[in-house]
Amino acid sequence: MELQKRKKKNILKIPLLVFLAIVLFGMVIIFGLFHIRTVDVIGNEFYSAEEIQNMIMSDSLAENSIYLTWKYSDPETAEALPFLSAIEVSMISPYHVQIRVYEKTIAGYLMYSGSRVYFDTDGNVVEISGEERDGVPPFSGISIGQPTVGEKLPVEDESFLSSITETAQMLRQSGLEPDEIHYDEKQEAIIYFGTRRVMLGSSDYMEEKISNLKALFPQMEGLSGTLHLETYTPSATTISFKKGEKGEEEDELLMNLNQPEETGGEGEQGDGASGETEGETTGETTVDSGSSGYVEDPSRITTDADGNQIYTDEQGNVTSNMDMPYLGDDGQIVTDGYGYIDPYTGAYILN
């Protein structure tokens, strides 16, 4: 009887041992063969591949390719990392995975208690650290409360926060990379590019201001001074650039925005044989022959303390260049002695 019981127990142990052997073999396969040895990170711009890998593969099982692909198959998993909007993990082979990330666009950062507070284009805080991210401009002149990752930047005026993020996004889309974006006590924007600063002013016509800034930016190359866009309106045809150090601007350049439309075609203007031209053309400046719409209002010519004559047009543009034609057919300043306006492109060309 006792012998039969022992035989029965041995028979029952065999399936159990087989099952345990299968489980053990499966674990060896899963944790051995599917152990990640190669990781490709793509889609990252602000964060390095190493930083992304360390944050996504932070738990103890994350080095297993099966577990990692399963974990990030849930779209909500990316919410734990506030600087990402989505994560996709795909298995290239049992030991090789590809991590594709979709970063939130970082608009800029503010300094707070010695740390950089990075915020995205929605105004949400995505990171608080001492790390300096390439291509992210600093903002200054903005008062904030205690920042928290994942929450809105604690700016008292929500409309001001919207203005900040919209301006930052427009600058980024334009391809311009300022050294600093500062807001003064009136909450008006001033942008710095090396020795040049741009007075953007209020949020009015901000899209047009930044569009014009992008167009004028090449003309500012090598200059030092201030571009005044704070008074821009859609009717403006020139923008003032005052040369010199900040607060000590002296010389003024007038940069053209829109070239007025000509009443006749190029062939009509250049046809000297027809006898129907309103003025003679010499190089890039038009000389008044007395029959054109070229206007010089003597009442707008004044004399400064040094005896120099100065002309001010209806729009308030000023020139001290009285030795060459400087007014267009509309009576506004075309050239100011530092350069001239290309009649074909409307661009301001420095001499």
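Below: a short report on this structure. (Residues numbered from 1 in each chain as written. Predicted model: local features only at pLDDT ≥ 70, side-chain atom pairs only at ≥ 80, totals over all residues. Heavy atoms only, no water.)

## Focus on the pattern of salt bridges
- In this structure the tally under the stated criterion is five salt bridges.
- Of the charged contacts in the structure, one is a salt bridge between Lys 71 and Asp 59, with a shortest N-O distance of 2.6 Å. Remark: Asp 59 occurs in the loop between helix H2 (49-56) and helix H3 (65-71) and Lys 71 occurs in helix H3; sequence separation between them is twelve residues.
- Since its relative accessible area comes to 25%, Asp 59 is described here as partly exposed.
- Residue Glu 127 is joined to Arg 133 by a salt bridge in which the shortest nitrogen-to-oxygen separation is 2.9 Å. Accessibility classification places Glu 127 together with Arg 133 in one group, the buried group.
- In this structure, a network of salt bridges that share partners links the residues Glu 51, Glu 127 and Arg 133. (Salt bridge = Lys/Arg side-chain N within 4 Å of Asp/Glu carboxyl O. Helix = DSSP H or I, 4+ residues; strand = E, 2+ residues; numbered from the N terminus. Buried < 20%, exposed > 50% of the residue type's maximum accessible area, 1.4 Å probe, protein only.)

## Section: the pairing of strand S5 (residues 115-120)
- With five of six residues buried, S5 is to be regarded as a mostly interior element.
- Relative to S5, strand S4 (residues 106-112) is paired through six bridges, and the arrangement is antiparallel. In the strand pairing of S5, Tyr 112 is matched with Ser 115.
- In this antiparallel pair of consecutive strands, S4 and S5, the connection spans two residues, and Ser 113 shows a positive phi of 55°.
- Bridging between S5 and strand S6 (residues 125-129) involves four bridges; their strand directions are antiparallel. Bridge pairing in S6 links Tyr 118 to Glu 127. (Pairing = 2+ DSSP bridges.)

This is a description of form; function is not addressed.
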